Amino acid sequence: MHARVAASFLVVAIAQLPAVAAAAQHSPHSPHAPLDPLCAELKLPNDPAVHREYGCYYFGNYVWNDGSGAGNVTGRIYWPSDCSSSTPPGVHPLVLLMHGDGHAYTDYGYLMSHLARNGFIAATISNSGSNLERTGQALTYLNFIRNSWTHKTHVQNNIGLVGHSRGGEAVLTVARRIKELGLTHNVNAIISLAPTDNAEGGGAHESIQGGESESFLVIYGTDDEDVFGWCVDGPLPSCSVPLSEPMHTGFSLYDRAGSEGETEPFPLYDEVVTKAMLFVERANHNKWRSECIDTAISSLISCDAHWNIARGYMNAFLRWQLRGESIYKDFFTGRWMPPSVAAEGVRIHTQYSAGYGRRVLDNFEQGGAGTNTLGGSLTIGGAIQIITEGTTWDYDSTSPHDTQSLVVQWAPPGLAPWLRWFIPNSTTPLGARWRDVRGFDFFSLRAGQLYNSPFNTEDEPKEIYVEFRDAFGGSSGLIRTGQFAELPYPRDTQVLYAGQLIHVAKSPMTTVRIPLCGVKNVDFENLSQVYFWFTAPGSSSGEMFIDNLEFTD
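On a predicted model such as this, the values are computed, not experimentally measured, just so you know.

**So, the overall build of the protein chain**
Broken down by element type, the protein chain carries seven helices and 26 strands. When each of the 553 residues of the protein chain is scored for burial, the buried share is 60%. Partitioning the intrachain contacts of the protein chain with sequence separation of at least 6 by distance along the chain shows that 78% fall at a separation of at least 24. Accessible area for the protein chain stands at about 19800 Å²; split by element, carbon and sulfur atoms hold 50% of it.

And the structure:
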């Protein structure tokens, strides 16, 4: 028998307030000069952490049991209002949030109310148990909202799933099971906040694919005391023990999302996912909740900073992916930061990969360091002493990545170290020429330093100089990656886990996007070579991971 109980029904929460329009700010790590802006005037979006489309919102508490075996599922639904009626004006995308262990569905009111006032019907549910049990609870509530809720006719079949901690992993299970069961719920965006990656019951780790959701965002803090990754030293038995598999944090979920297998993805490929990851310095695991207390741990950013990051970036991602507002895209490419987040002095390191609209020069998945993904050569020159292509986490336990990459190491004496990727003069599967990259806006790469390498200097960022050469001898000259994104020395920190102080560290990669519109003296219809030079001033040695060389939108 179907049953529903509603409490706190239709509570008006906030009176009319004006929308706040504020120009987005550059990320502090991305000065973007001289090749930026994109050779055209930019239209800046409102600050997504502050902007509100609707002056009021309502919320109601509901319990639902659909007889599927999930039992009574308790949740709270927030919806927008024009302040004149309790009925949502128009129809709106649906967002469902799942919390983690030890958390409650009421822990995210600051976020849910913000999403409601930005034109979403936002629900948060009580969930527990295994990922599959949580999935049953989520499906029960999705069925309720879409088929039985009072305002069901105002709900679009256009769904975003958001999860924190265990919920951040479970939302991937929800999306997978929707596809496996042939259900009609149309999931178009997934956000995992400080997620676990447990592979419950000895099964495979979750890996979101395009048929389950074509977009994925991970937000994860450097000082996460719960999902902390690899322990460098401390009293835990696992501390300083080399990894036997990837460390399974938000990084591994990001890396496995979609597929790196295509050199130029086609829309019919089911595995393609547009994805982004924000690695937030000095953010931890529990300050994302409403029940946040600023402690004496001075190394952490404030509760307000955590909330502004969640409000700003989640609102921007959902407006981009569920409402088609592409103006918010560059909050995830590393180009822009919400002003309210920048004002807190927050540092965020971004990874980004377009699902479509990219041509992969090298993703290092094919094996063998002498050949790139397009089938051309990869040549080593100068003072590079060691080059390794293979599983990233297996090379160094501080790497949180579950992917293959290139590891380069250089040190004096010797000639300036360099790598060269040769683009073959052949055609794509659709008949275009690999060397004709005029249809792309950026050259993109991921790179990062290795923690505690004797070739790197603590707290010193690294730079790569990129050079483009065409088939007729034209050269772009050297372009510094530091103009567009910082490749910092990896942050290490101490966190309190189960009452014990442990030392954790990660060697992450960051995405660098070089706008091609400002590159001169190169014929991009006949681009034949891409060089990396490792000759930054004051950096005569180094050891880095490199991955995902792409021409992209």
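**So, the packing of helix α2 (residues 131-147) against helix α3 (residues 166-180)**
The description of two packed helices rests on the angle between their axes and on the distance between the axes. Contact pair α2 / α3: the axes reach a minimum separation of 9 Å and the direction vectors enclose 65°. On the basis of their axis angle, the class for α2 and α3 is roughly perpendicular. The two elements α2 and α3 cross, and the hand of that crossing is right-handed. Here N131, L132, R134, T135, A138, L139 and L142 of α2 come into contact with α3, specifically with R166, G167, E169, A170, T173, V174, R177 and I178.

**Things to note about the pairing of strand β9 (residues 215-221)**
Within β9, seven of the seven residues are buried, leaving the element largely enclosed by the surrounding structure. With four bridges joining them, strand β8 (residues 187-193) and β9 adopt parallel strand pairing. Bridging from a neighbouring strand, I190 pairs with F216 of β9. Here β9 pairs with strand β11 (residues 274-280) via seven bridges, running parallel.

**Looking at the nonpolar core**
In this structure, I219, V280, W288, I309, Y313 and F332 are the most contacted members of the largest nonpolar core, which totals 49 residues. The dominant element in this core, judged by the number of residues it contributes, is helix α5 (residues 303-323), at twelve residues. Apart from residues lying up to four places away in sequence, F332 is in contact with L217, A276, Y313, A316, F317, W320, T350, Q351 and Y352. Among the nonpolar cores identified, the runner-up in size contains 42 residues, and W64, A170, V218 and Y254 belong to it.

**Comments concerning unusual backbone geometry**
Peptide bonds are trans in most cases, and residues, glycine excluded, mostly fall at negative phi. We note that A194 has phi near 45°; this positive angle belongs to a residue other than glycine. Mapped onto the fold, A194 is located in the loop between β8 and β9. With a relative accessible area of 0%, A194 lands in the buried category. Positive phi values are uncommon outside glycine, yet N452 reaches one of about 65°. The class for N452 is exposed, based on a relative accessible area of 58%.

**So, the pattern of salt bridges**
Inspection of the entire model under this criterion finds 25 salt bridges. With its nearest N and O atoms 2.3 Å apart, the salt bridge here joins D101 to R134. In this pair, D101 is assigned in the loop between β5 (92-98) and α1 (109-116) and R134 in helix α2, connecting sequence segments 33 residues apart. Take D101: its relative accessible area is 45%, and that puts it in the partly exposed class. On the basis of relative accessible area, R134 is assigned to the buried category, the value being 0%.

**Notes on the pairing of strand β4 (residues 73-81)**
Looking down a regular strand, the side chains alternate between one sheet face and the other. In terms of burial, β4 is a largely internal element, eight of the nine residues being buried. The sheet contact formed by strand β3 (residues 56-65) and β4 spans nine bridges and is antiparallel. Across the sheet, W64 pairs through a bridge with V73, a residue of β4. Two elements, β4 and strand β6 (residues 121-125), share four bridges in a ladder whose sense is antiparallel. Paired with I77 across the bridge in β6 is A123.

**What about α2?**
Spanning 17 residues, α2 covers 24 Å between terminal C-alpha atoms, matching the ideal 24 Å at 1.5 Å per step. Along α2, the positions that sit buried rather than exposed are N131, R134, T135, Q137, A138, L139, T140, Y141, L142, F144 and I145.

**Topic: the state of the cysteines**
Tallying each qualifying case throughout the model produces three disulfides. Each sulfur in the disulfide pair C56 and C83 lies 2.0 Å from the other. When the S-S torsion is 105°, as for the bridge of C56 with C83, the disulfide is right-handed. Of this pair, C56 sits in strand β3 while C83 sits in the loop between β4 and β5; the two residues are 27 residues apart in sequence, bridging distant segments of the chain. Judged by its relative accessible area of 5%, C56 falls in the buried class. When its relative accessible area of 30% is taken as the criterion, C83 is described as partly exposed.

**Some remarks on the packing of aromatic side chains**
Inspection of the entire model under this criterion finds 30 aromatic pairs. When the ring of Y313 is compared with that of F332, the centres are 5.9 Å apart and the planes differ by 70°; the resulting orientation is edge-to-face. You can see Y313 sitting in helix α5 and its partner F332 sitting in the loop between α5 and β12 (336-337), a full 19 residues away along the chain. Note on accessibility: Y313 and F332 belong to one class, buried. Through a chain of ring-to-ring contacts, the aromatic side chains of Y313, F317, W320, Y328, F331, F332 and Y352 assemble into a single cluster. The ring of F120 has R323 lying over it, and the distance from NZ or CZ to the ring centre is 5.9 Å. Across from the ring centre of Y531, 4.1 Å away, lies the NZ or CZ of R469, which sits over that ring.

Definitions and cut-offs
- Residues numbered from 1 in each chain as written.
- Predicted model: local features only at pLDDT ≥ 70, side-chain atom pairs only at ≥ 80, totals over all residues.
- Heavy atoms only, no water.
- Helix = DSSP H or I, 4+ residues; strand = E, 2+ residues; numbered from the N terminus.
- Buried < 20%, exposed > 50% of the residue type's maximum accessible area, 1.4 Å probe, protein only.
- Contact = heavy atoms within 4.5 Å.
- Areas by Shrake-Rupley, 256 points an atom, 1.4 Å probe, with all protein chains shown as cover.
- Axes fitted to C-alpha atoms, helices over the stretch in contact; angles between N-to-C directions.
- Parallel < 35°, antiparallel > 145°, perpendicular 65-115°, else oblique.
- Left-handed = near helix turned anticlockwise from the far one by under 90°.
- Pairing = 2+ DSSP bridges.
- Core = buried A, V, L, I, M, F, W, Y, C linked by side-chain atoms within 4.5 Å.
- Salt bridge = Lys/Arg side-chain N within 4 Å of Asp/Glu carboxyl O.
- Expected span 1.5 Å × (residues − 1).
- Disulfide = S-S within 2.5 Å.
- Phe/Tyr/Trp six-rings, centres within 6.5 Å; stacked < 30°, edge-to-face > 60°.
- Lys NZ or Arg CZ within 6 Å of the ring centre and 35° of its normal.

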